[in-house]
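Notes for the structure review
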Amino acid sequence: MISNNTEYEKAQEEISILEKRLDQLKKAYPIGAKGFTKAGIRKMIARLHEELAVYEGSEEARHSLSS
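Scope of this entry: the structure provided in the associated data block. (Residues numbered from 1 in each chain as written. Predicted model: local features only at pLDDT ≥ 70, side-chain atom pairs only at ≥ 80, totals over all residues. Heavy atoms only, no water.)

Regarding the pattern of salt bridges
- Under the definition given, this model contains one salt bridge.
- Note that Arg47 and Glu51 form a salt bridge whose closest N and O atoms lie 3.0 Å from each other. Highlighted residues: Arg47 and Glu51, both in helix H2 (residues 35–57), separated by four residues, approximately one helical turn. (Salt bridge = Lys/Arg side-chain N within 4 Å of Asp/Glu carboxyl O. Helix = DSSP H or I, 4+ residues; strand = E, 2+ residues; numbered from the N terminus.)

Below, the structure is given as structure tokens:
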């Protein structure tokens with residue numbers, strides 16, 4: 001779980017890295033190949049997006065962002 005701005009920024013960077021990796025896999029392997037790998041990366045991206053949303057909605061984030 002993301003609990004501070006540093007972890008929030010790190011999660012955003014991780015999403016960017018995963019999205020680049022997914023794009024590389026899509027280009028290197030046709031539909032049907034490496035499907036489990038691509039699906040796993042999509043799940044990691046989704047999990048990170050969920051964690052970012054929870055953090056953004058948290059009271060702690062509202063206080064730290066308004067400071």
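Some points on the environment of Met44
- Looking at the element boundaries, Met44 is found in helix H2.
- As a C-alpha pair, Met44 and Leu18 span 26 residues in sequence and 8.0 Å in three-dimensional space.

Some thoughts on the packing of aromatic side chains
- Tallying each qualifying case throughout the model produces one aromatic pair.
- Relative to Tyr55, the ring of Tyr8 has its centre 5.5 Å away and its plane inclined at 40°; by these criteria the two rings are tilted. Linking Tyr8 in helix H1 (residues 5–28) with Tyr55 in helix H2, this pair joins segments that are 47 residues apart in sequence. Of the two residues examined, Tyr8 and Tyr55, each falls in the buried class. (Phe/Tyr/Trp six-rings, centres within 6.5 Å; stacked < 30°, edge-to-face > 60°. Buried < 20%, exposed > 50% of the residue type's maximum accessible area, 1.4 Å probe, protein only.)

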